[in-house]
Amino acid sequence: MRNVLPRLIFAMCLLLLIAVAATAQQPFVTDDADTTPKRHFHFQFSNEFDLLQRSSFPSRKQNTADFELDYGLFDRVEIGIESPLLTIFNAPGTIPKTPSGVGDTNLSLKYNFLRERENSRMPAMAVAFNLELPTGDTKRQLGSGLADFYMNGILQKSLNKKIKLRLNGGILFSGNETTGVVGIKTRGTVFTGGGSLVKQFSPKLQLGVELTSALQSDFQLGKGQLQTLLGGNYQFKKNISFDFGIVGGRYAASPRAGVQLGISIDR
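Source: prediction; values computed, not measured. (Residues numbered from 1 in each chain as written. Predicted model: local features only at pLDDT ≥ 70, side-chain atom pairs only at ≥ 80, totals over all residues. Heavy atoms only, no water.)

### So, the pairing of strand β4 (residues 77-90)
Reasoning step 1: Sheet topology places strand β3 (residues 59-74) next to β4; 14 bridges connect them, and they run antiparallel. When the sheet's bridge partners are listed, Asp66 is paired in β4 with Pro84.
Reasoning step 2: Adjacent in sequence and paired antiparallel, β3 and β4 are bridged by two residues, among which Arg76 carries a positive phi angle near 75°.
Reasoning step 3: Examined bridge by bridge, β4 and strand β6 (residues 105-114) share six bridges and lie antiparallel to one another. Following the sheet pairing, Val77 is matched in β6 by Tyr111.
Reasoning step 4: The sheet contact formed by β4 and strand β5 (residues 100-102) spans three bridges and is antiparallel. Across the sheet, Leu85 pairs through a bridge with Val102, a residue of β5. (Pairing = 2+ DSSP bridges. Helix = DSSP H or I, 4+ residues; strand = E, 2+ residues; numbered from the N terminus.)

### Quick look at the pattern of salt bridges
Between side chains of opposite charge, a pair can form when the charged atoms approach closely.
Reasoning step 1: For the structure on display, the rule yields five salt bridges.
Reasoning step 2: The partner of Asp32 in a salt bridge is Lys110, with the nearest N and O atoms 3.0 Å apart. With Asp32 in the loop between β1 (19-20) and β2 (41-51) and Lys110 in strand β6, this pair connects stretches of sequence that are 78 residues apart. There is no split in this pair, since Asp32 and Lys110 are both buried.
Reasoning step 3: Here Arg140 makes a salt bridge to Asp137, at a shortest N to O gap of 3.3 Å.
Reasoning step 4: The class for Arg140 is partly exposed, based on a relative accessible area of 31%.
Reasoning step 5: With relative accessibility at 31%, the residue Asp137 sits in the partly exposed group. (Salt bridge = Lys/Arg side-chain N within 4 Å of Asp/Glu carboxyl O. Buried < 20%, exposed > 50% of the residue type's maximum accessible area, 1.4 Å probe, protein only.)

In structure tokens form, the structure reads like this:
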């Protein structure tokens, strides 16, 4: 019991960590409470190249090209589809050495049930539901072979006119948390948490920092995920932004280091 209690307290702290995100969610993992306007589309593409933890051997590196399309179904209700194209770089002598292909496809529904109001202490609130379909090839480590069901709660608060804080807390009820080689591979309940904090430095440039985590129900930190991201986006057109970030991680389910570049388009 003495060993379990400190782990439990530390795990709960991880789930309440604060991090940073811009008006557009990308490049941050932490989701925002905003939804795509009714009858409009939001498209984002990102490419992240990661160095994997040594415990992932013989897999050494992973490239994730991620495509996401969201649509404003109703006022405050958004649906989306996301699918990654994965390339895994294995050590020499491994067969296959460089497997590549489509990973698991994610379907999402987000509902913003409370908007932030001026002069109110209440944050904006939203809830998101995700169903990940096992479309990736499990024999080449491109998919988990499991259907994942995940629920995420979102809080968003403007600290002033230029800084926004976002907090997420979620539960993966079934499946596992992997994208290719990255993520918690064990099947079962996973608790996720994170936060983002972003500052708008100019009408076009926003920068922030983020910290996210994931833990199994037994709260074994060594098998979990803890990573940070420094980045932001530059809006070079009214409806188009260039997104960028640097990733650093610890524990088996996180990449050691990575670089992300992307683009977001609103129509």
